[in-house]
2 protein chains.
Amino acid sequence: MNFNEELKDIKNYSAGKPIELVVREYSIKAEDVIKMASNENPYGTSPLVVEAVRKVCDKMYLYPDDSMYELKDGLLNRFGVTESNIIIGAGSDQILEFIVRAKANKNNSVLMAKTTFAMYEIYAKAVGTAILKTSSHVHKLDEFRDIYKKRDDVKIIFLCLPNNPIGECLTKDEVYQFLREIDDDTLVVIDGAYQEFASYKDKNMKIDPADLIKEFPNAIYLGTFSKAYGLGGMRVGYGIANETIISSLMKLRPPFNITTLSLKAAIEALKDEEFVEKSMFLNFEEMKRYEKFANDIGIEIVPSYTNFITFLLKDDKNSTFIANSMLKKGIIIRDLSSYGLNAVRVTIGTSEQNSQFFATFSKIYDAG
Amino acid sequence: MNFNEELKDIKNYSAGKPIELVVREYSIKAEDVIKMASNENPYGTSPLVVEAVRKVCDKMYLYPDDSMYELKDGLLNRFGVTESNIIIGAGSDQILEFIVRAKANKNNSVLMAKTTFAMYEIYAKAVGTAILKTSSHVHKLDEFRDIYKKRDDVKIIFLCLPNNPIGECLTKDEVYQFLREIDDDTLVVIDGAYQEFASYKDKNMKIDPADLIKEFPNAIYLGTFSKAYGLGGMRVGYGIANETIISSLMKLRPPFNITTLSLKAAIEALKDEEFVEKSMFLNFEEMKRYEKFANDIGIEIVPSYTNFITFLLKDDKNSTFIANSMLKKGIIIRDLSSYGLNAVRVTIGTSEQNSQFFATFSKIYDAG
């Protein structure tokens, strides 16, 4: 059977390995596995959210309120926008997909950093659009500018702020300056999946969605409940943009795109800012230990504005070997070799998990 | 800002109204609202599933096992297929979307009954493919044959068995006879969202996925946990087809396309067949009351193989007026006027809900 041309080029996203797989493959007990590969919140989910969701488990048979009235209400109050500025996705991933399908096609192109969130490229390939990348791994706006000016067909620019999987960020001023040079018909995606972390660490990094879309009608801000809010498994994200963009993306949103329990979880999560604040605080306290650890054993790091840290390894070390060796010890980290980097990405865990990481990594690093 | 051409034609799916909306708009207490518009299981979810999901609510921060190993294992044991024959979607809806995006494009066409599941057309429009429909509302295979033979570009045929929103079904023999006449490169979708109901009522309607795909390598069977299994709010469906089809559709599957709690719910739901059997039994017991009710007040019905029944109204009655009047009384049913039918679709509820429906409907029907 034949399939559409675009499918030929697509390779699937390689997700961080789940605990279940390590249990199956290495016979390690589930409670002994430490998952540091998917940037989940190591402090779990707000207990208030867990309790609220438990209470509505008997409503699983009912489709969710597809207008998502209450969640949108929570978001518009939080961000100072109106309902027509908001779209909800099954993770901000899904909104990325809507964006690509709405704007990109075989006759135009999209632009992104060399090493950034893998789904930009995967979704772009699925529509057969041209994919342009900077030569630097991290976001260098001058390189974005150069490429943008040389082409007249760039319809989407992805800025991942801060950037996954490397961790660097750009300041608001840098981003706004760049946006002023971009044409009205080019949609600029500000992927803020880790913005809570970046703006906690440095206020200069903070992108305010309402301010952004007021000044730039061609920008869309993406946020997620997967990281700071501790709901990675529930698949809820949001997009904030002007009404023209949102109403077009809404055409591609399938009905009931988030679950009944996810909707409840996100609504309640917005009410517990204290949990988020505490997660941010602990994250950056623990991050200091990683910075010191890396320094002590002579590993180069990229200063991180997220809940993960990337170790750039020397040539005599091999990221795949190290990640696999850690896996066999029950610690799941992310090998970045598929990005063309001899590096590993490690989610900052709880204090105890991090101590375990340091002990195990030291041994493996010395040996490998 | 400009968007891709295909978006112009898309109108969004109009979902059954949620309880929350009726509460907001008509100030009716949530516990007094009866939802009969979305074909959810009125007996809720298996208590075993509810309990199992409650226990893992503290895992919401973790992404699900993206291999969906355990769920696939449950399905392959149930259906006697292998892992490579299975794809999991956020509802079988999402698999419909993968199918359309994998096979249909601007240069070919898709074929469906005049009145069938609305998402076939919505997804087809999103890729700009030609949409062919039979002239009859219900599935008439001779009409499918005629259209198919006149065109050489039909790449997908949708058979909704039994058919939503009308309720009719085709026998396995009719379907197999039809499939024998279809070209290898045309993908035939057997949408079995309500198959548990149809095969409970009449074994001749039963399509066995393993047998189907063995005989017809160009067929895909779709099933869902939303109806018989009482998990409408959790968005889990599955597709069963030969490996070539599945591996192509998998390229369009975004990672983590179902939630951590949905995965758990579906795994556990497969273990409680008794709940499903009981739901089927009660559904058809209650269906008899609807048949009698319709007969008593002189409304024509379509014999239904599902958990809903469609009332075909006489010309002097108006489906929109009736559905709206019911809504104001807190009973949500589906007006089928958008399908070009002067008809309403009613989900078979619990005994108590149905009694309430009959009492309210009688009054409104006499007045309207």
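### Details of the nonpolar core
Taken as a class, soluble globular proteins show a tendency for nonpolar side chains to be buried jointly.
Consideration 1: Among the nonpolar cores identified, the biggest contains 181 residues, and Phe 357 of chain A together with Phe 357 of chain B are the most heavily contacted of them.
Consideration 2: Beyond its immediate chain neighbours, meaning those up to four positions away, Phe 357 of chain B contacts Met 36, Tyr 290, Phe 293, Phe 311, Met 326, Ile 331, Ile 333 and Val 346 of chain B.

### Describing the packing of helix H6 (residues 141–150) of chain A against helix H7 (residues 172–179) of chain A
All names here are of chain A.
Consideration 1: Contact geometry of H6 with H7 gives a least axis separation of 11 Å together with a crossing angle of 10°. In terms of their interaxial angle, H6 and H7 are classed as roughly parallel. Taken together, the residues of H7 that come into contact with H6 (itself represented by Leu 141, Phe 144 and Arg 145) are Glu 174, Val 175, Gln 177 and Phe 178.

### Focus: the domain arrangement of chain A
Residues and elements named next belong to chain A.
Consideration 1: The assigned domain composition of chain A is domain 1 (5–44 + 274–367) and domain 2 (47–272).
Consideration 2: Taking only C-alpha atoms into account, the centre of domain 1 sits 24 Å from that of domain 2.
Consideration 3: Taken together, the contacts link 32 residues of domain 1 with 33 residues of domain 2.
Consideration 4: Interface area for domain 1 against domain 2, summed over the two sides, is near 2,800 Å², with a carbon-plus-sulfur share of 66%.
Consideration 5: Along the contact surface separating domain 1 from domain 2 lie 1 salt bridge.
Consideration 6: A salt bridge links Glu 6 to Lys 106; the nearest nitrogen and oxygen atoms lie 3.1 Å apart.
Consideration 7: Where domain 1 packs against domain 2, one counts 11 residue pairs in polar contact (both at pLDDT 80 or more).

### What to know about the relation of the copies chain A and chain B
Consideration 1: Screw-axis analysis of chain A against chain B gives a translation of 0.0 Å along the axis, an RMSD of 0.0 Å, and a rotation angle of 180°. Such values leave the two copies arranged in the relation of a two-fold axis. Across chain A, the rotation axis passes nearest the C-alpha of Arg 54 of chain A, at a separation of 2.6 Å.
Consideration 2: In this assembly the copies share their binding face: 100% of the residues contributing to the interface of chain A also contribute to that of chain B.

### A short note on the environment of Gly 74 of chain A
Consideration 1: Its location among the elements puts Gly 74 of chain A in helix H3 (residues 69–79).
Consideration 2: Considered as a pair, Gly 74 of chain A and Leu 270 of chain A are 196 residues apart in the sequence and their alpha carbons are 6.8 Å apart.

### Details of the environment of Ile 299 of chain B
Residue and element names in this part refer to chain B.
Consideration 1: Looking at the secondary structure, you find Ile 299 in the loop between helix H12 (273–297) and strand S9 (300–301).
Consideration 2: Judged by relative accessible area, which is 7%, Ile 299 ranks as buried.
Consideration 3: Ile 299 sits 11 residues away from Thr 310 along the chain, and the two C-alpha atoms are 9.9 Å apart.
Consideration 4: With near-sequence residues (within four places) excluded, Ile 299 lies in contact with Ala 294, Phe 311, Leu 312, Leu 313, Phe 361 and Tyr 365.

### Re the sheet that holds strand S7 (residues 219–224) of chain B
All names here are of chain B.
Consideration 1: With respect to topology, 7 strands assemble into an open sheet ordered S2-S8-S7-S6-S5-S3-S4, the strand pairing being mixed. At either end of the open sheet lies a strand with only one pairing partner, and these are strand S2 (86–89) and strand S4 (130–133). Neighbouring strand axes in the sheet, compared pairwise and without regard to direction, differ in orientation by 20° on average.
Consideration 2: Where S7 lies against strand S8 (residues 237–240), 4 bridges are found, and the strand directions are antiparallel. Paired with Thr 224 across the two strands is Gly 237, which belongs to S8.
Consideration 3: Against the sheet, helix H3 (residues 69–79) makes contact with S2 and S8, and its axis sits at roughly 125° relative to S2, the strand it touches most.

### What about the confidence of the model for chain A?
Consideration 1: On average, residues of chain A score 95 in pLDDT, and 98% of them reach the 70 mark or higher.
Consideration 2: Across the assembled chains, the prediction reports ipTM 0.96 with pTM 0.96.

### Quick word on the side chain of Lys 155 of chain B
Consideration 1: Assignment of secondary structure puts Lys 155 of chain B in strand S5 (residues 154–160).
Consideration 2: Once you skip the residues sitting within four places of it in the chain, Lys 155 of chain B turns out to touch Lys 103, Asn 108, Ser 109, Asp 185, Thr 186 and Leu 187 of chain B.

### Here's the deal with the interface of chain A and chain B
Consideration 1: Each partner contributes to the interface: chain A provides 75 residues, whereas chain B provides 75 residues.
Consideration 2: Taken over both partners, the interface formed by chain A and chain B buries close to 6,300 Å², and the fraction arising from carbon and sulfur atoms is 60%.
Consideration 3: It is Met 1, Met 60 and Tyr 63 of chain A that lose the most area in chain A upon contact with chain B, and together they represent 13% of the buried surface on that side.
Consideration 4: Salt-bridge contacts for Arg 24 of chain B lead to Asp 65 of chain A; the nearest nitrogen and oxygen are separated by 3.4 Å.
Consideration 5: Where chain A meets chain B, there are 33 residue pairs in polar contact (both at pLDDT 80 or more).
Consideration 6: Listed by contribution, the elements that provide at least two residues to the side of chain A that touches chain B are helix H1 (19–26), helix H2 (47–55), helix H4 (91–103), helix H5 (118–127), helix H10 (243–250) and helix H11 (260–269) of chain A.
Consideration 7: The element best represented in the side of chain A that touches chain B is H4 of chain A, accounting for 6 residues.
Consideration 8: Split into classes, the residues belonging to the side of chain A that touches chain B amount to 36 nonpolar, 20 polar and 19 charged.

### Comments concerning the sheet that holds strand S4 (residues 130–133) of chain A
Residues and elements named next belong to chain A.
Consideration 1: Pairing in this open sheet of 7 strands is mixed, and the strands run S2-S8-S7-S6-S5-S3-S4 from one edge to the other. Since the sheet does not close on itself, it has two edges, and those belong to strand S2 (86–89) and S4, each with one partner. Averaged over all pairs of adjacent strands, the angle between strand axes in this sheet comes to 20°, irrespective of strand direction.
Consideration 2: Here H5 sits on the sheet and contacts strand S3 (109–112), S4, strand S5 (154–160) and strand S6 (187–191); the angle it forms with S4, its principal contact strand, is near 155°.
Consideration 3: Here H6 sits on the sheet in contact with S3, S4 and S5, set at roughly 175° to S5.

### Looking at the pattern of salt bridges
Consideration 1: This model, assessed by the stated rule, comprises 50 salt bridges over all chains.
Consideration 2: Residues Glu 268 of chain A and Lys 264 of chain A are paired through a salt bridge, measuring 3.3 Å at the closest nitrogen-oxygen approach. Taken as a pair, Glu 268 of chain A and Lys 264 of chain A lie in helix H11 at a separation of 4 residues, close to a single helical turn.
Consideration 3: Classification of Glu 268 of chain A by relative accessible area gives buried; the value is 16%.
Consideration 4: Owing to a relative accessible area of 24%, Lys 264 of chain A belongs among the partly exposed residues under this scheme.
Consideration 5: Note that Lys 125 of chain B is salt-bridged to Glu 121 of chain B, the shortest N-O span being 3.8 Å. You can see Lys 125 of chain B and its partner Glu 121 of chain B sitting in helix H5 (residues 118–126), 4 residues apart, about one turn around the helix.
Consideration 6: Overall, the relative accessible area of 27% leaves Lys 125 of chain B in the partly exposed class.
Consideration 7: When its relative accessible area of 23% is taken as the criterion, Glu 121 of chain B is described as partly exposed.

Criteria and cut-off values
- Residues numbered from 1 in each chain as written.
- Chains lettered and ligands numbered in written order.
- Predicted model: local features only at pLDDT ≥ 70, side-chain atom pairs only at ≥ 80, totals over all residues.
- Heavy atoms only, no water.
- Core = buried A, V, L, I, M, F, W, Y, C linked by side-chain atoms within 4.5 Å.
- Buried < 20%, exposed > 50% of the residue type's maximum accessible area, 1.4 Å probe, protein only.
- Contact = heavy atoms within 4.5 Å.
- Axes fitted to C-alpha atoms, helices over the stretch in contact; angles between N-to-C directions.
- Helix = DSSP H or I, 4+ residues; strand = E, 2+ residues; numbered from the N terminus.
- Parallel < 35°, antiparallel > 145°, perpendicular 65-115°, else oblique.
- Domains from an automatic or database assignment.
- Buried area = accessible area lost by both parts, 1.4 Å probe.
- Salt bridge = Lys/Arg side-chain N within 4 Å of Asp/Glu carboxyl O.
- Polar contact = N/O pair within 3.5 Å; in protein donor to acceptor, adjacent residues only side chain to side chain.
- Least-squares fit on C-alpha atoms with pLDDT ≥ 70 in both.
- Pairing = 2+ DSSP bridges.
- pLDDT = per-residue confidence, 0-100.
- Nonpolar A, V, L, I, M, F, W, Y, C, P; charged D, E, K, R; others polar.

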